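Residues per chain, in single letters:
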Amino acid sequence: VCRWCEYDLRCPDKTDIALLVLTPDTFTERVFRFAADQLLWSGVRRILFVLNRADCLRGEDLRRRMAETLRAEVKEKVLGYIKKSYGIDSWEERTAVKKLDGIRVILLSAYDALDAREEGDRKLEEKSGILLLERELMRIFNEEQERIRRRIAQAEVQISVNRGRQ
């Protein structure tokens with residue numbers, strides 16, 4: 001278990017996605033600074049926030065509004081940190097704005113997901129957020145796979161062109 005106050009985490013270069021699993025009490029300014037720094041200075045192209053303990057939020061409408069609020073707050077606080085650190089209309093701000101559009105916040109109840117899987121309860125499994133998280137990860141993996149396929153195809157074309165020049 002990581003506590004933001006104890007560790008200074010960094011994503012390695014060329015990280016495709018940073019998956020941050022947090023609880024409401026760990027959603028702090030330090031997390032926003034971490035997100036801003038990773039968006040700007042590492043190879044992270046996407047950040048996915050998973051907010052666990054969603055079972056504390058009763059009602060689908062409340063959960064939906066919470067996810068929207070957190071997403072807006074992430075964007076606002078990350079941009080605020082970047083503007084404060086690097087200035088308004090800086091390269092850093094423009095870069096972050098582009099990447100922030102891809103930030104997702106998923107609410108999850110790990111306890112409900114576990115109970116649902118053990119009991120075979122599809123309704124509870126859907127409510128837990130685990131299926132949404134799985135779908136989002138599959139979407140990201142499929143996008144990455146397609147991106148890699150395109151790069152391979154481009155490389156093959158370039159090799160053919162180079163051979164034709166010889």
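Throughout, residues of each chain are indexed from 1 in the direction in which the sequence is written. The model is predicted, so local features are restricted to residues of pLDDT at least 70 and side-chain atom pairs to those at 80 or more, both for listing and for counting; the totals for chains, interfaces and linings are taken over all residues. Calculated side-chain values reflect all of the structure's heavy atoms, with hydrogen atoms and water omitted.

Participant: Sorry, what's going on with the packing of helix α2 (residues 60–86) against helix α3 (residues 91–100) here?
Facilitator: Packing of α2 against α3 brings their axes to within 9 Å, and their N-to-C directions diverge by 165°. Overall, the two elements α2 and α3 adopt an arrangement that is roughly antiparallel. For the element pair α2 and α3, the recorded crossing hand is right-handed. Mapping the contact onto sequence places Arg71, Lys75, Val78, Leu79, Ile82, Lys83 and Tyr86 in α2 and Glu92, Glu93, Ala96, Val97 and Leu100 in α3. Three classes are used, and their members are as follows: Ala, Val, Leu, Ile, Met, Phe, Trp, Tyr, Cys and Pro are nonpolar, Asp, Glu, Lys and Arg are charged, and the others, Gly among them, are polar. For the contact of α2 with α3, the class distribution of residues is seven nonpolar, no polar and five charged. For helices, the fitted axis covers only the stretch in contact; all axes are lines through C-alpha atoms, and the angles between them, taken along N-to-C directions, range from 0 to 180 degrees. To qualify as a helix, a DSSP run of H or I must reach at least 4 residues; to qualify as a strand, a run of E must reach at least 2; elements of each kind are numbered from the N terminus. Angle categories: roughly parallel below 35 degrees, roughly antiparallel above 145, roughly perpendicular from 65 to 115, and oblique for all the rest. A clockwise turn of the near helix away from the far one marks a right-handed crossing, whereas an anticlockwise turn of less than a right angle marks a left-handed crossing. Residue contacts follow a heavy-atom distance rule, with two residues in contact if any of their heavy atoms lie within 4.5 Å.

Participant: Got a minute to help me understand helix α4 (residues 110–119) in this structure?
Facilitator: The periodicity of an α-helix, 3.6 residues per turn, causes residues three or four positions apart to be oriented the same way. Of the positions making up α4, those classed as buried are Asp112, Ala113 and Ala116. All buried residues of α4 lie within an arc of 100° about the axis, which places them on one face of the element. Set apart from the buried face of α4 by more than 90 degrees, the exposed residues are Tyr111 and Glu118. Elements in contact with the buried residues of α4: α2, α5 (122–128) and α6 (130–165). Among the residues trailing α4, Gly120 stands out with phi positive, at a value near 70°. Relative accessible area decides the class of each residue, using a 1.4 Å probe on protein chains only: under 20% of the type maximum gives buried, over 50% gives exposed, and in between gives partly exposed. The arc in question is the one spanned by the directions pointing from the helix axis to the C-beta atoms.

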